[in-house]
Amino acid sequence: MTEGEARKRQIHYPPVPNGIDYLRDVIDRLARESGEPSERDLKYAVLHLQAAAEVLLKARLREEHWSLVISKAEKTNLKKFEKGEFESATNAETVRRLVEVVGLDISAGDKKTLLDLATTRNQLQHWGITEEANAVLTRAADVLDFLIRFLDQYLLPHLDADDEEAVADDLEEIRTGLVRIESYVTSRMERLNENDLKGHEARTVRCPDCQQVALIVDGAANKCSFCPRDWMDPLELASAYDNAFSYSPAPGDPYEDTLVDCPDCDTLTLALEAETVASNGSHIPLCFNCAETQDNLGECARCGRLYRPTDEEPICFDCFADLG
Ligand SMILES: [Zn+2]
Ligand SMILES: [Zn+2]
Ligand SMILES: [Zn+2]
């Protein structure tokens, strides 16, 4: 091995076992064989999951070239990098470089999962745990699922035999732990579908917090049975729902509001692209304040706002009155 190769090996691989070690800790805290994770477990699970994601994603950047890890490459050199004297790229920028510079395929859904995790981590550092345990669990499962795929596809094939052996046990624990979390989620959802959610299919939507289809919009408690948490403020729920699940246009495409004023209650709570259990995969307008799906809405030919036509008239009542 030349000196260059030796150095390359040295700076390439330690991050991977390090990231896997963080993941092992996350699994030990969240996928307990008995007993619920404590508040402290939830806290360190989120912190360590974020640390793992950062270390593992940057390990792949580093493999491409060490300067990609650094926020501003023009301000550094290899010596400083090796001493750890550098400011590293942000999470969003790391993901962007993986996709746009390295050319990896990271889906929009996976990107969002990663950036949401970073947000949760930041909230946690400032405010402590504000999420319900089940919401942390389902989000952690999504991130773990992504990181395992990322490891399998982009990092593990490049490990040398020693490192591979060193991480083998941890990897197995992580994989079985993830299955344990996922089966907990599935069996809990099956129970809810047979009980709490039964008969509410037309008003049951995906919860912005735990991502499970377990939130019954009733205009009062708006309770997610999975988390479990309430959304007493329909405005807050509508905007959280819209942020979490509405179509976001590709860069350069015109932005269209998917959250608008409801013509019935005059509140900014009408999500145009809602999905309920009953809507069966298609998008329908749902007002989180009226707690009703709003089909039969027309778009006013004069002012462009949504309105409820009573007799096939092409313009809304306000425009009608305005025209005298
Ligand atoms: Zn929920
Ligand atoms: Zn309404
Ligand atoms: Zn009008």
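Position labels on residues start from 1 in each chain and follow its written sequence. The naming scheme follows written order: chains are lettered A onward, ligands numbered 1 onward. Selection of residues for local features in this predicted model requires a pLDDT of at least 70, selection of side-chain atom pairs for listing and counting requires 80 or more, and totals for whole chains, interfaces and linings are taken over all residues. Values shown for side chains rest on all heavy atoms present in the structure; no hydrogens or waters enter the calculation.

What is the right way to look at the coordination of the zinc ion (ligand 2) in this model?
Each donor-metal-donor angle would ideally measure 109.5 degrees in four-coordinate tetrahedral geometry, or 90 or 180 degrees in six-coordinate octahedral geometry. In the first shell of the zinc ion (ligand 2), the protein supplies C262 (SG), C265 (SG), C287 (SG) and C290 (SG), at 2.1 to 2.4 Å from the metal. Coordination at the zinc ion (ligand 2) is tetrahedral, judged from the 4 donor atoms that bind it and the angles of 104 to 116 degrees they form at the metal. Read N to C, the donor residues that coordinate the zinc ion (ligand 2) are spaced as C-x2-C-x21-C-x2-C. Of this pair, C265 sits in the loop between β5 (259–260) and β6 (270–274) while C287 sits in strand β7 (residues 284–287), and the two are 22 residues apart along the sequence. The buried label applies to any residue whose accessible area, calculated with a 1.4 Å probe on protein chains only, is under 20% of its type's maximum; exposed applies above 50%, and partly exposed to all values in between. We classify C265 as partly exposed; its relative accessible area is 21%. C287 gets classed as buried once you look at its relative accessible area, which sits at 0%. Donor criterion used throughout: N, O or S atom within 2.8 Å of the metal, extended to 3.2 Å for Na, K and Ca. Water excluded; incomplete-looking sites may result. Note on geometry labels: four donors, all angles 85 to 135 degrees, give tetrahedral; four donors become square planar and six octahedral when opposite donors are over 155 degrees apart and every other angle is between 65 and 115; remaining cases are irregular. Secondary structure is summarised from DSSP: a helix means a run of H or I of at least four residues, a strand means a run of E of at least two, and numbering begins at the N terminus for each.

Would you take a moment to explain the domain arrangement of the chain for this structure?
One widely used convention gives an interface's size as the accessible area the parts lose upon coming together. Residue ranges for the domains originate in an automatic or database domain assignment. Parsing the chain into structural domains produces domain 1 (3–192) and domain 2 (201–293). The straight-line distance from the C-alpha centre of domain 1 to that of domain 2 is 30 Å. Facing the 11 residues of domain 1 at the interface are 14 residues of domain 2. Buried area: the accessible surface (1.4 Å probe) lost by two parts on joining, summed over both. Across the domain 1 to domain 2 interface the summed buried area is about 1,000 Å²; carbon plus sulfur atoms make up 56%. In what follows, salt bridge is the name for a side-chain nitrogen of Lys or Arg lying within 4 Å of a carboxyl oxygen of Asp or Glu. Counting every contact that joins domain 1 to domain 2 gives 1 salt bridge. One salt bridge connects D209 with R139, and the closest N-O pair in it is separated by 3.9 Å. As used in this structure description, the phrase polar contact means that two N or O atoms lie within 3.5 Å; if the pair is within protein, one of them must be able to donate a hydrogen and the other to accept it, and residues adjacent in sequence are counted only when both atoms belong to side chains. Applying the counting rule to domain 1 against domain 2 returns 6 residue pairs in polar contact (both at pLDDT 80 or more). Elements that contribute at least two residues to the side of domain 1 that touches domain 2 include exactly α7 (133–155) and α8 (161–194). For the side of domain 1 that touches domain 2, the residue count by class is 4 nonpolar, 2 polar and 5 charged. Pairs of residues are marked as contacts when any of their non-hydrogen atoms sit within 4.5 Å. Gly is placed with the polar residues, together with every amino acid not listed as nonpolar (Ala, Val, Leu, Ile, Met, Phe, Trp, Tyr, Cys and Pro) or charged (Asp, Glu, Lys and Arg).

Sorry if this is basic, but what is going on with the coordination of the zinc ion (ligand 3) here?
Here the zinc ion (ligand 3) is held by the protein donor atoms C300 (SG), C303 (SG), C316 (SG) and C319 (SG), which lie 2.2 to 2.3 Å from it. One way to put it: the 4 donor atoms around the zinc ion (ligand 3) meet at angles of 105 to 115 degrees, and that makes the site tetrahedral. Along the chain, the residues that donate to the zinc ion (ligand 3) are spaced as C-x2-C-x12-C-x2-C. Residue C300 is located in the loop between β9 (298–299) and β10 (306–307), and its partner C319 is located in helix α10 (residues 317–323); the two are separated by 19 residues in the primary sequence. For C300, a relative accessible area of 3% gives the class buried. Since its relative accessible area comes to 4%, C319 is described here as buried.

Can you walk me through the sheet that holds β6 in this structure?
Two modes of strand pairing occur in sheets, parallel and antiparallel, and in both the strands are linked by backbone hydrogen bonds. Here a strand pair is declared whenever DSSP counts at least two bridges between the two strands. Spatially, β5-β6-β7-β8 is the arrangement adopted by the 4 strands of the open sheet, whose pairing is antiparallel. Single-partner strands in this sheet number two, and they are β5 and β8 (292–293). For β7 and β8, the ladder comprises 2 bridges, and the chain directions are antiparallel. Note that in β8 the partner of L286 across the bridge is T293.

Explanation requested: the packing of helix α3 (residues 39–64) against helix α6 (residues 108–127) in the structure shown.
Helix-helix packing is described using two parameters, namely the angle between the two axes and the distance between the axes. Only C-alpha atoms enter the line fits that serve as axes; for helices the fit covers just the stretch in contact. Angles between N-to-C directions range over 0 to 180 degrees. Running from N to C, α3 and α6 cross one another at 135 degrees; their axes reach a closest spacing of 10 Å. As the angle between them shows, α3 and α6 are arranged oblique. Our pair here, α3 against α6, has a crossing hand that is left-handed. Contact residues: K43, V46, L47, L49, Q50, A53 and L57 in α3; L114, L117, A118, T120, R121, L124 and Q125 in α6. Looking at side-chain class alone, the contact of α3 with α6 contains 9 nonpolar, 3 polar and 2 charged residues. Throughout this description, any angle smaller than 35 degrees is read as roughly parallel, any larger than 145 degrees as roughly antiparallel, any in the 65 to 115 degree range as roughly perpendicular, and the remainder as oblique. Crossing chirality is assigned from the near helix's rotation relative to the far helix, an anticlockwise turn below a right angle marking it left-handed and a clockwise turn marking it right-handed.

Honestly, α8 in this entry has me stumped. Any pointers?
Since there are 3.6 residues in each turn of an α-helix, residues three or four apart along the chain are aligned in direction. Here α8 contains 34 residues, and its C-alpha end-to-end distance of 49 Å stays within 8% of the 50 Å for a straight helix at 1.5 Å per residue. Working definition for bend: take the seven residues up to and ending at a residue and the seven starting at it, fit an axis to each, and measure the angle between the axes. A168 marks the point of greatest bend in α8, at about 40 degrees. Of all the positions in α8, only D163, V167, D170, L171, I174, G177, L178, I181, V185, R188, M189 and L192 are classed as buried. Elements that come into contact with the buried residues of α8 comprise α2 (15–30), α7 and β2 (213–216). An expected span of 1.5 Å times one less than the residue number is assigned to each helix.

Looking at this structure, how should I read the pattern of salt bridges?
For side chains bearing opposite charge, pairing can occur when the charged atoms are close. As enumerated under the stated definition, the model contains 21 salt bridges in all. Notably, a salt bridge pairs D41 with R32, separated by 2.7 Å at the nearest N-O pair. Note on R32: relative accessible area 35%, which makes it partly exposed. Measuring nitrogen to oxygen at the nearest pair gives 2.9 Å for the salt bridge that ties R308 to D264. Pair noted here: R308 is in the loop between β10 and α10 and D264 is in the loop between β5 and β6, with a separation of 44 residues, a long-range link. Judged by its relative accessible area of 34%, R308 is partly exposed. Taken together, the shared-partner salt bridges in this structure form one network comprising D25, R29, R32 and D41.

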